[in-house]
Structure formats: C-alpha cells, structure tokens
Amino acid sequence: PERTVFGITQFGREEFRQRLLMLLTEPSDEITFFVALSLMAGITRDEAVAALRRRVGRLEGRIARIAAQLASLRTTLPRLVLVEVEFQGAAMTAELAWVRTIIDDAESGALSWELQFDPTHPPN
C-alpha cells in the first residue's frame, strides 16, 4: 500500500505506562525526570500522584542521607570542599517542595488533567 498506518497496541500502552511510572518515581537524572513530567498526561491523575508520592519518599531518604553525610564530614573537612554536597541537598529539598505542591494541586483539582481547553481561558 501507498501508506502504512501504525497504531499503538495494548501491550505498548501498558509498557509506556509502566516506564513512565518508573521514571516519575526513580529517574536516572534530572533530564529524565523533566521528560517524564512532560508525558504525565499519558497516565491517570491517581497514577501520577502515587508515583510522585513514591518520589517524595525517595527524596526524603536521600536528603536525610546527605544531611547525615554533611554532619559527619563537617567534623573533618572545611565547608569549602563540601559546597557541592550542600548544593545537592538544597536542590533535592527544592525539588521535594515542588513535587509536594504538584501532588497537592493534582489532588485538589488545581492541576487539571483535562487536555481540552478554551483558548480564551487558559488551563491551570
């Protein structure tokens, strides 16, 4: 035929869903998390919230480990050589606060899962 039209299978949909949930929960890097966020409309609000709650737990654990590591290292090293660890903790703390806001907004409806919108009234 002149054109071949391809469509996603049910298996493909489920694979996409599972991978997206994994990438929202435990991305390999910041770019991967950014991409996962851009695809979040491909899963339900409840699935996204559950994945982001798991992300919150992981971030809390990492932040606690960094704080403990800093406390230990500060006894023997000057702050100047620890600023990158401080930055990592601060960046994770900021991400944690932002993810919690997204969860709250999704649960309250302030973050709409509707993709249809009126151009005269931008979506939230």
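The rules behind each value
Residues numbered from 1 in each chain as written. Predicted model: local features only at pLDDT ≥ 70, side-chain atom pairs only at ≥ 80, totals over all residues. Heavy atoms only, no water. Salt bridge = Lys/Arg side-chain N within 4 Å of Asp/Glu carboxyl O. Helix = DSSP H or I, 4+ residues; strand = E, 2+ residues; numbered from the N terminus. Buried < 20%, exposed > 50% of the residue type's maximum accessible area, 1.4 Å probe, protein only. Expected span 1.5 Å × (residues − 1). Contact = heavy atoms within 4.5 Å.

A.B. asks: I'd like to hear about the pattern of salt bridges, residue by residue, with values.
C.D. replies: According to the stated counting rule, one finds ten salt bridges in the structure shown. Of the charged contacts, one joins R53 and E107 as a salt bridge, the two residues approaching to 2.5 Å between their closest N and O atoms. With a gap of 54 residues between them, R53 in helix α3 (residues 45-73) and E107 in helix α4 (residues 83-108) connect regions that are remote in the sequence. You can call E107 partly exposed: its relative accessible area is 46%. Put simply, R74 and E86 hold a salt bridge, and the shortest N to O gap is 3.0 Å. Of this pair, R74 sits in the loop between α3 and α4 while E86 sits in helix α4, and the two are twelve residues apart along the sequence. Overall, the relative accessible area of 44% leaves R74 in the partly exposed class. We classify E86 as buried; its relative accessible area is 18%. Here the salt bridges do not stand alone but share partners, grouping E14, R17 and E47 into one network.

A.B. asks: Can you lay out α3 for me, pointing to particular residues and giving the numbers?
C.D. replies: Counted at 1.5 Å a residue, the expected span for α3 with its 29 residues is 42 Å, and the 41 Å between its end C-alpha atoms agrees. What α3 keeps buried is the set E47, A48, V49, A51, L52, R55, V56, L59, I63, I66 and L70. Along its buried surface, α3 packs onto α1 (10-25), α2 (30-38) and α4.

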